[in-house]
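Observations on the model geometry
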Amino acid sequence: KVSVDDDALDLRSGALNISSPLTKALVIKRTCSIYQKFEQSAQQTKNDMIGAGQTTTTTFSIKEDWTPMGPQGQLEHFPNDPNSRGIWDELVTESGPSDTAASPAAMKLPPNLPPQMAALFQQVDLTQSPHCMSVSKSAHVGGFGLSSDIIMTEKAVFQSNWMQVPAELVPDHIESLPELRKDRYGNLTTVEEGDQPTNGDVMIKFEYIADGFDASFIVQQVLLDADPEVGVPEHKYGVDKQKIIDEKCCGKIADDLGVIWMVRAGRHDLKEMIMMAKEDEKAVTKVLRILCWILLVAGWMMLFSIFTTLLSTLPLLGALGSAAFFIVALIVGTVCCCAVTAVAYFRYRPLITTIILAIAGGIAGIIIWRLNDANEASLQPTSAPVAAPKFFMEPEELVLEYY
């Protein structure tokens, strides 16, 4: 089990902190969100009455929502509707200095993404003010210590079950920020009870991960060194990644087998962990194959687009032609995908592929041989039917003649 023993966890010192340290907490975080305006676009495409062209009309609108990405810039198509910063700058000042340097510029995302999803893709840096995150230095599994890097990297294992910090640990008010109040959910916000949020309102949420859950590891055991800033670690041993090199021919040939590092939630033995790793690899392979197939079909459809564009000028043949070329692209793309998969399979599994091809060739040879025999038998001339012999006791036919 992952445990922090009796250690109590607190956020970085500052006004935006909980009233007292939280026990049995592996990770605790403070997330600040602001209510902002976002542009949304909607497109409508119509076929032109004359020719094969299309007319696309784009309509822009404004949508307001909570975002942890901070105050947004000016809206491109609505310059007269600016976003309010509210008390965001005061939150940054009262939360204290950031733990690390500023993160790089945010990546360009597709339009019309919800703000919360955009923040998920951009990975909001919770170490930057006014956000905050703290990881327990006493975390361990048995006699092995868990560093903050492991807990922050393996989020699916150590950061999947966030819970709200008890409301009694959240301050009712902050003297330096009188605009904030505690709502019934234990959050600090500038929205009054019963009112709808307005542009510039802020909300501060406190969440934590409790210890006491199971986790399984396939890792390397290492000795933990003393850190000048942290001091001597509480546990002598820790876990780390191990690179595996398979040496052959007295060390003259070395194959890189990758890195041993696998962490999963729950309690599993070695056999179960290996089976889980194989299942994950199979799932990734299937997804890549499906993606490759879709891209190949789309590529062939694009190659045929010149013909579908010409056919779209005709009232009746346009839809039929597009459907026909789609079926052709589907067939050709599937054949190409199977061919690429077969070549890749032969590259990485030559022995198995050779055996499969030999068996398939043998079956095909037997089928062709039997078909040739049947064809030759059908071409031979047929003999006249032979009368059946008469047996001794068989009665003769009686012929009656009338005069």
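Heads up: the structure comes first, above all this text.
Below is a summary of the structure that appears in this document. Predicted model only: the values in this text are computed from it and were never measured.

**Re unusual backbone geometry**
Cis rather than trans, the peptide bond between Ser 129 and Pro 130 has omega equal to 5 degrees. Counting through the fold element by element, Pro 130 comes out in the loop between helix 2 (115-122) and strand 6 (132-135). Phi at Asp 5 is positive, roughly 60 degrees, even though this residue is not glycine. Residue class for Asp 5 comes out partly exposed when judged on its relative accessible area of 37%. Backbone geometry at Lys 24 places phi at a positive 55 degrees, although glycine is not the residue there. In this fold, Lys 24 is placed in the loop between strand 3 (22-23) and strand 4 (25-47). Given a relative accessible area of 40%, Lys 24 falls into the partly exposed group.

**Digging into the sheet that holds strand 7 (residues 140-141)**
Spatial strand order, 1-7-8-15-14: five strands in an open sheet with mixed pairing. With partners counted over all chains shown, the strands left at the sheet margins are strand 1 (2-3) and strand 14 (220-223), one partner each. When strand 1 meets strand 7, the two strands line up antiparallel, connected through two bridges. Considered in strand 7, the bridge of Ser 3 is made with His 140.

**Digging into the nonpolar core**
Leu 22, Ile 28, Leu 91, Val 165, Leu 180, Ile 204 and Phe 206 are the most contacted members of the largest nonpolar core, which totals 24 residues. Residue assignment for this core shows that the elements contributing at least two residues are strand 4, helix 1 (88-94) and strand 12 (202-210). Setting aside anything within four residues of it in sequence, one finds Phe 206 in contact with Leu 11, Leu 16, Ile 18, Lys 29, Arg 30, Met 163, Gln 164, Val 165, Val 170 and Leu 188. Formed by 18 residues, the second largest nonpolar core is a distinct cluster that contains Met 133, Ile 150, Ile 151 and Ala 215.

**A short note on the environment of Ser 19**
Considering the arrangement of structural elements, one finds Ser 19 in the loop between strand 2 (8-9) and strand 3. In this structure, the C-alpha to C-alpha distance between Ser 19 and Asp 172, residues 153 residues apart in sequence, is 9.5 Å. Discounting residues that sit within four places of it in the chain, Ser 19 has contacts with Glu 168, Leu 169, Val 170 and Pro 171.

**Remarks on the state of the cysteines**
Tallied over the full model, the rule gives zero disulfides. Here Cys 292 is not cross-linked by a disulfide; its sulfur's nearest cysteine counterpart is in Cys 337, at 4.6 Å. Cys 336 takes part in no disulfide bond, and the closest cysteine sulfur to it belongs to Cys 337, at a distance of 8.7 Å.

**Quick notes on the environment of Ser 138**
Position of Ser 138 among the secondary structure elements: in the loop between strand 6 and strand 7. Judged by its relative accessible area of 5%, Ser 138 falls in the buried class. Considering only alpha carbons, one finds Ser 138 and Ser 3, 135 residues apart in sequence, at a separation of 7.9 Å.

**Considerations on the packing of aromatic side chains**
Enumeration according to the criterion identifies six aromatic pairs in this entry. Summarising the aromatic geometry, the rings of Trp 300 and Phe 304 are spaced 6.0 Å apart at their centres and angled 35 degrees between planes, so their arrangement reads as tilted. Taking relative accessible area as the criterion, Trp 300 reaches 26% and is therefore assigned partly exposed. Summarising the aromatic geometry, the rings of Phe 304 and Phe 325 are spaced 5.5 Å apart at their centres and angled 40 degrees between planes, so their arrangement reads as tilted. Pair noted here: Phe 304 is in the loop between helix 5 (270-303) and helix 6 (305-311) and Phe 325 is in helix 7 (residues 317-348), with a separation of 21 residues, a long-range link.

Rules used in this analysis
Residues numbered from 1 in each chain as written. Predicted model: local features only at pLDDT ≥ 70, side-chain atom pairs only at ≥ 80, totals over all residues. Heavy atoms only, no water. Helix = DSSP H or I, 4+ residues; strand = E, 2+ residues; numbered from the N terminus. Buried < 20%, exposed > 50% of the residue type's maximum accessible area, 1.4 Å probe, protein only. Pairing = 2+ DSSP bridges. Core = buried A, V, L, I, M, F, W, Y, C linked by side-chain atoms within 4.5 Å. Contact = heavy atoms within 4.5 Å. Disulfide = S-S within 2.5 Å. Phe/Tyr/Trp six-rings, centres within 6.5 Å; stacked < 30°, edge-to-face > 60°.

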